[in-house]
Amino acid sequence: MPTITNKPYGVRIARYFNFIKGEFHTEQLPDKKDKTSFTEQKVWDREPEPPTLAGLALYLGFNSLDEFEAYERNGKHKKQLRMGRLMIEAEYEKRLHYQSATGAIFALKNLGWKESNEPNALKEVPKTIHIKITTSGPKVANSEKEVEL
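Just so you know, these numbers come straight off a predicted model, no measurement behind them.

About the criteria used
- Residues numbered from 1 in each chain as written.
- Predicted model: local features only at pLDDT ≥ 70, side-chain atom pairs only at ≥ 80, totals over all residues.
- Heavy atoms only, no water.
- Helix = DSSP H or I, 4+ residues; strand = E, 2+ residues; numbered from the N terminus.
- Buried < 20%, exposed > 50% of the residue type's maximum accessible area, 1.4 Å probe, protein only.
- Contact = heavy atoms within 4.5 Å.
- Areas by Shrake-Rupley, 256 points an atom, 1.4 Å probe, with all protein chains shown as cover.
- Patch = residues over 30% accessible without salt bridge, like charges linked within 9 Å, V, L, I, M, F, W, Y side chains within 5 Å.
- Salt bridge = Lys/Arg side-chain N within 4 Å of Asp/Glu carboxyl O.
- Polar contact = N/O pair within 3.5 Å; in protein donor to acceptor, adjacent residues only side chain to side chain.
- Phe/Tyr/Trp six-rings, centres within 6.5 Å; stacked < 30°, edge-to-face > 60°.
- Axes fitted to C-alpha atoms, helices over the stretch in contact; angles between N-to-C directions.
- Left-handed = near helix turned anticlockwise from the far one by under 90°.
- Expected span 1.5 Å × (residues − 1).

S.K.: Please explain the overall build of the chain as it appears in this structure.
M.R.: From N to C terminus, the chain includes 6 helices and 2 strands. Shown N-terminal to C-terminal, the secondary structure of the chain runs as helices and strands in the order α-β-β-α-α-α-α-α. With 149 residues in all, the chain has 23% of them scored as buried. In the chain, of all internal contacts separated by at least 6 residues, the share reaching a separation of at least 24 is 43%. As displayed, the chain offers around 12400 Å² of accessible surface, 53% of which is attributable to carbon and sulfur atoms.

Now the structure itself:
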């Protein structure tokens with residue numbers, strides 16, 4: 001997997017993905033089955049959260065997704081931002097394997113994914129279509145009176 005931490009935004013993107021893992025500590029809590037014994041259990045101080053494009057943009061200090069996307073297209077660190085977007089897409093793609101993947105499908109469609117069974121080579125459609133109208137056969141009648149049987 002390529003690393004993105006060698007640039008300023010790359011470090012901050014890596015921190016975002018670490019941040020969303022949440023924070024926890026362990027405590028000795030009474031065992032749920034045997035109330036006389038204790039087991040070490042994870043207690044969340046900050047719950048984990050799913051990666052989102054808006055969450056990444058906010059974490060990096062952008063004021064809107066439009067601003068994030070404009071910088072992603074033309075900014076100095078566009079490669080790192082594209083990598084961050086791809087990491088989020090990868091997380092959504094993993095969720096397609098869950099029993100209920102509706103949310104992941106919706107998110108991926110909003111990120112530009114499309115449903116298709118065609119190979120990528122067939123998806124390319126010409127941007128300009130030239131139409132030439134030619135006539136053949138008898139002249140088209142303007143009314144019923146001009147029709148000959």
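S.K.: Teacher, can you tell me more about a nonpolar patch on the surface here?
M.R.: Taken together, Leu96, Ile105 and Trp113 make up a surface patch of nonpolar side chains, about 230 Å² in accessible area. Along the polypeptide, leucine 96 turns up in the loop between α4 (78-95) and α5 (102-110). Leucine 96 gets classed as partly exposed once you look at its relative accessible area, which sits at 32%.

S.K.: Would you explain the side chain of arginine 85 in this entry?
M.R.: Within the secondary structure, arginine 85 is located in helix α4. Separated by 3.4 Å, the side chains of arginine 85 and glutamate 69 make a polar contact. In contact with arginine 85, not counting residues within four places along its chain, are Leu53, Leu56, Phe68, Glu69, Glu72 and Leu111.

S.K.: Help me understand the packing of aromatic side chains in this model?
M.R.: By convention here, two paired aromatic rings are described through the distance between centres and the angle between planes. Taken as a whole and judged by the stated rule, the model has 6 aromatic pairs. Plain terms: the ring middles of phenylalanine 24 and tryptophan 44 are 5.2 Å apart, the flat faces sit at 65° to each other, and that makes the pair edge-to-face. Placement of phenylalanine 24 in strand β1 (residues 23-30) and of tryptophan 44 in strand β2 (residues 38-46) is noted, with a sequence separation of 20 residues between them. Classification of phenylalanine 24 as partly exposed rests on a relative accessible area of 42%. Pairing phenylalanine 62 with tyrosine 71 gives two aromatic rings, centres 5.8 Å apart and planes at 50°, and the pair type is tilted.

S.K.: Explain the packing of helix α2 (residues 53-60) against α4 to me, please; I cannot follow it from the model alone.
M.R.: When two helices pack together, their arrangement is given by the angle between the helix axes and by the axis-to-axis distance. Look at α2 against α4: their axes get within 10 Å of each other, and the N-to-C directions meet at 145°. Read as a crossing pair, α2 and α4 show a hand that is right-handed. Two secondary-structure elements touch here, α2 through Leu53, Leu56 and Leu60 and α4 through Leu81, Gly84, Arg85 and Ile88.

S.K.: When you look at α4 in this model, what are you seeing that I'm missing?
M.R.: At 3.6 residues per turn, the α-helix brings residues three or four places apart onto the same side. With 18 residues, α4 extends 26 Å from end C-alpha to end C-alpha; this agrees with the ideal 26 Å at 1.5 Å per step. Looking only at α4, the buried set comprises Gln80, Leu81, Met83, Gly84, Arg85, Met87, Ile88, Glu89 and Tyr92. Buried residues along α4 sit against α1 (8-19), α2, α3 (65-74) and α5.

S.K.: It is not clear to me how the pattern of salt bridges should be interpreted in this structure. Could you clarify?
M.R.: Any two side chains of opposite charge can pair, given that their charged atoms come close. By the definition in use, this model includes 4 salt bridges. For arginine 85, the salt bridge goes to glutamate 69, with nearest N and O atoms at 3.4 Å. You can see arginine 85 sitting in helix α4 and its partner glutamate 69 sitting in helix α3, a full 16 residues away along the chain. Its relative accessible area of 15% is what places arginine 85 among the buried residues. Residue glutamate 91 is joined to lysine 94 by a salt bridge in which the shortest nitrogen-to-oxygen separation is 3.0 Å. In this pair, glutamate 91 and lysine 94 are both assigned in helix α4, 3 residues apart and thus about one turn of the helix distant. Members of the salt-bridge network, linked through shared partners, are Glu69, Glu72 and Arg85.

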